[in-house]
Amino acid sequence: MHKKGFNKVSVIGLGYIGLPTAAVIASRGIEVIGVDVSQHAVDIINQGKIHIVEPDLDMLVQSAVTTGKLRATTEPEAADVFLIAVPTPFSDGYKPDLSYIEAAVKKVAVVLKKGDLVILESTSPVGTTEKISSWMSEIRADLSFPHQQSEQPDVQVAHCPERVLPGYVIQELVSNDRVIGGLTPYCAEKAKALYQVFVKAECIITDARTAEMAKLTENSFRDVNIAFANELSIICDKLNINVWELIQLANRHPRVNILNPGAGVGGHCIAVDPWFIVDSTPDEARLIRTAREVNDSKPEFVINKIRKVAEAFKQPRIALLGLAFKADIDDLRESPAVGIAEKVIQENLGEVLIVEPHIKELPNKLQADHVKFVSLSDSLEQANIIVTLTDHSVFKQVKQSVLQEKVIIDARGIWE
Ligand code: SAJ
C-alpha cells in the first residue's frame, strides 16, 4: 500500500465524521491514533465496537482495531498528520462556537514537530484555518507556521471540509470529491497527498478561505432551496392548492427542480452552517438569513395545523409518525419532529401515539402519562389524527384504505 510518507495519522474527535475517517485511513494500512475527550467512546472503540450508528462502520472499526491499525486514546500523541474533526455548534445569537476546535488544536500543538501537517475538517467560519495556525504558534514559539508568511514553515496547515451524507458516510468518504484549501499552496499539496490515499474521486486544491466558504455555501444552497419548498407549502395551504401536485407539475419544466417541503430542517449541518455566513456578513447575507427563518418557522406551522384539527375532536388521539431528523436514520438530535412532539405533549392537545421504528425507547423529554410509544400498525388502528413528521420508507408502504377514516396532516407529503 502506498502511504506517501504518512506513517501515523491522528484523528481528533471520534464522532460521526472522525471515527469513519479514522477507520477508512486505517483500512489503507496507515497507523491511526483516534483521540476523543470521552473516555466512554475511547473504551468502546478500543474494544472494536462503535458508540454511534452508521451503516458498515461497525465492521470497519472492528477490523481496524483487530489488525492493530486503529487505537483510541484521550490525549494527543506525536503523529505525522493531525486531522481535526470536532463539532462547531453555534452559541447564543447564532454565533459560531469555536471552543472545541481551539481546545483540540491547543492540545495538538504540544506534541507537534517539524514537518507535521494539521488539517481542519470541522465545518468552520471563514478565517478559522488562519486562526488555528495562530493558536498553535502561541504555544509553540519554537516552530514556524504558515500564517506567519515564512518561506517554508515547519508545520503545514490546511482545511478540507467533510461533505458526507449521514447514512452513506463510508461510501461517500471514498467517492465524494474533496475541496482542499491550504494556507499556502504547499500546505494544500501535502494535504491532497493524504486524501489521495483513500479518496477515489477528485481532490481539488484551493486556498483555505475558499474551502471554508465552499462548505458553508453547499449547505446554504440546500437550505435556501428547502426554504423555497417550505414557503411554497405555506403559500399553497393558504391558497388551497395541493403543494405536492404543484411541485410535481412545476418540476416537469426542464430547468426547474424544487425540493420537498417538510416539518422543518434538522440535523447538525444545514440548520447551522448558513448562520456562519450570516455571522460574518450580516448586512449582505439577506436571503440566507431569511431561508433559515423560513425553515425554522415550519415546525410551528405544523403544530398550528395539529391544534386546529385536534379542537374538532372530543377525544383527539394524535399519531406522530417519525422523530428522526430525516428519513431512514435513528438520529433524533436537532430534529424538528422532536420539537413538534414536545409541544403537542406539553400543550396536552390529546392522547399522543408516537411511532419511530428506528429507536428502542422514547427520550425522557417525550415521556408523559398521555403519551404512548407504539408500533406503526397500532398507531394506525388507534389514532383519529395522523401526522407524518419524517418520511421513513416504512411509512410510505401504508395502504390508503387504512387511512380513510382518519384526519391526515401529511407534513412530509408521503401519501400524496
Ligand atoms: N429536507 C427537507 N426537504 C428536502 C431535503 C431535506 O425538508 O427536500 C430536510 C431533511 O428532512 C433534514 C434536513 O433537511 O431534516 C437536512 O437533511 P439533508 O439530507 O439535506 O442533509 P444532512 O444534514 O443529512 O447532510 C448535509 C449534506 N449536505 C448537502 O447535501 C449539501 C451532507 O453532504 C453534508 O456533509 C452534511 O450536511 C454536513 O455534515 O454538513
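Definitions and limits used
- Residues numbered from 1 in each chain as written.
- Predicted model: local features only at pLDDT ≥ 70, side-chain atom pairs only at ≥ 80, totals over all residues.
- Heavy atoms only, no water.
- Near = heavy atom within 4 Å.
- Polar contact = N/O pair within 3.5 Å; in protein donor to acceptor, adjacent residues only side chain to side chain.
- Areas by Shrake-Rupley, 256 points an atom, 1.4 Å probe, with all protein chains shown as cover.
- Helix = DSSP H or I, 4+ residues; strand = E, 2+ residues; numbered from the N terminus.
- Nonpolar A, V, L, I, M, F, W, Y, C, P; charged D, E, K, R; others polar.
- Domains from an automatic or database assignment.
- Buried < 20%, exposed > 50% of the residue type's maximum accessible area, 1.4 Å probe, protein only.
- Salt bridge = Lys/Arg side-chain N within 4 Å of Asp/Glu carboxyl O.
- Pairing = 2+ DSSP bridges.
- Right-handed = clockwise from strand over helix to strand, strands pointing away.
- Arc of directions from axis to C-beta.
- Contact = heavy atoms within 4.5 Å.
- Axes fitted to C-alpha atoms, helices over the stretch in contact; angles between N-to-C directions.
- Parallel < 35°, antiparallel > 145°, perpendicular 65-115°, else oblique.
- Left-handed = near helix turned anticlockwise from the far one by under 90°.

S.K.: Talk me through the site of the ligand; I want residue IDs and the actual numbers.
M.R.: In the vicinity of the ligand, 21 residues are found, and the nearest of them are Glu162, Val164, Lys215, Arg222 and Phe325. The separation between an oxygen atom of the ligand and a polar main-chain atom of glycine 266 is 2.9 Å. Starting from 770 Å² of accessible surface for the ligand in isolation, the protein chains cover 88%. It is helix α8 (residues 208-239) that provides the largest number of residues to the shell around the ligand, a total of five residues. Grouping the amino acids of the shell around the ligand by side-chain chemistry returns nine nonpolar, four polar and eight charged. Taken domain by domain, the shell around the ligand gets at least three of its residues from each of domain 1 (3-201) and domain 2 (241-410).

S.K.: Lay out unusual backbone geometry with the relevant residues and their values.
M.R.: The residue aspartate 328 is not glycine, and still its phi comes out positive at about 60°. Topologically, aspartate 328 is positioned in the loop between β11 (317-321) and α12 (336-346). Under the relative-accessibility criterion, aspartate 328 is labelled partly exposed at 40%. Phi is positive for asparagine 348, close to 55°, though the residue is something other than glycine. Along the chain, asparagine 348 falls in the loop between α12 and β12 (351-355).

S.K.: Outline the pattern of salt bridges, supporting the account with residue identities and numerical values.
M.R.: Enumeration over the complete set of coordinates arrives at 21 salt bridges. Here lysine 8 makes a salt bridge to glutamate 77, at a shortest N to O gap of 3.9 Å. Taken together, the residues lysine 8 in strand β1 (residues 8-12) and glutamate 77 in the loop between β3 (70-73) and β4 (81-84) connect sequence positions 69 residues apart. Among the ionic pairs, glutamate 347 bridges to arginine 307, the shortest N-O distance being 2.8 Å. Here arginine 307 lies in helix α11 (residues 286-311) and glutamate 347 lies in the loop between α12 and β12, a separation of 40 residues in the sequence. Glutamate 347 gets classed as partly exposed once you look at its relative accessible area, which sits at 30%. Within this structure, Glu300, Arg307, Lys343 and Glu347 form a network of salt bridges that share partners.

S.K.: Break down the pairing of strand β2 (residues 31-35) for me, citing the residues and quoting the values.
M.R.: Among the five residues that make up β2, four are buried, leaving the element largely enclosed by the rest of the structure. The pairing of β1 with β2 spans five bridges and is parallel. Opposite lysine 8, over in β2, you have glutamate 31 as the bridge partner. Crossover handedness for the path β1 to helix α1 (residues 18-27) to β2: right-handed. Pairing between β2 and β3: four bridges, direction parallel. Note that in β3 the partner of valine 32 across the bridge is leucine 70.

S.K.: Describe helix α4 (residues 99-111), naming the residues involved and giving the relevant values.
M.R.: Within α4, the full set of buried residues consists of Ile101, Ala104, Val105, Val108 and Ala109. Projection of α4 onto a plane perpendicular to its axis shows the buried side chains occupying an angular sector of 140°, all on one side. Summarising the contacts, the buried residues of α4 are in contact with β1, β4, β7 (117-120) and α5 (128-139).

S.K.: Provide a residue-level description of the domain arrangement of the protein chain, including the pertinent values.
M.R.: As assigned here, the protein chain comprises domain 1 (3-201) and domain 2 (241-410). Of the residues lining the interface, 13 residues belong to domain 1; the matching set on domain 2 comes to eleven residues. Summed over the shared surface of domain 1 and domain 2, the number is one salt bridge. Residues lysine 95 and aspartate 279 are paired through a salt bridge, measuring 2.6 Å at the closest nitrogen-oxygen approach.

S.K.: Kindly report on the side chain of threonine 129, identifying the contributing residues and their values.
M.R.: Tracing the backbone shows threonine 129 in helix α5. A relative accessible area of 0% places threonine 129 in the buried class. There is a polar contact of 2.5 Å between the side chain of threonine 129 and the side chain of glutamate 212. Other than its neighbours up to four places away in sequence, threonine 129 contacts Leu120, Val157, Ala158, His159, Leu183, Ala208 and Glu212.

S.K.: Tell me about the packing of α8 against helix α10 (residues 273-280), and please be specific about residues and values.
M.R.: In contact at an axis separation of 8 Å, α8 and α10 are set at 115° when each is read in the N-to-C sense. The pairing of α8 with α10 is recorded here as roughly perpendicular in orientation. As for the relative orientation of α8 and α10, their crossing is left-handed in sense. Across from Met213, Lys215, Leu216, Thr217, Asn219, Ser220 and Asp223 in α8, the residues of α10 making contact are Asp273, Pro274, Phe276 and Ile277. For the contact of α8 with α10, the residue count by class is five nonpolar, three polar and three charged.

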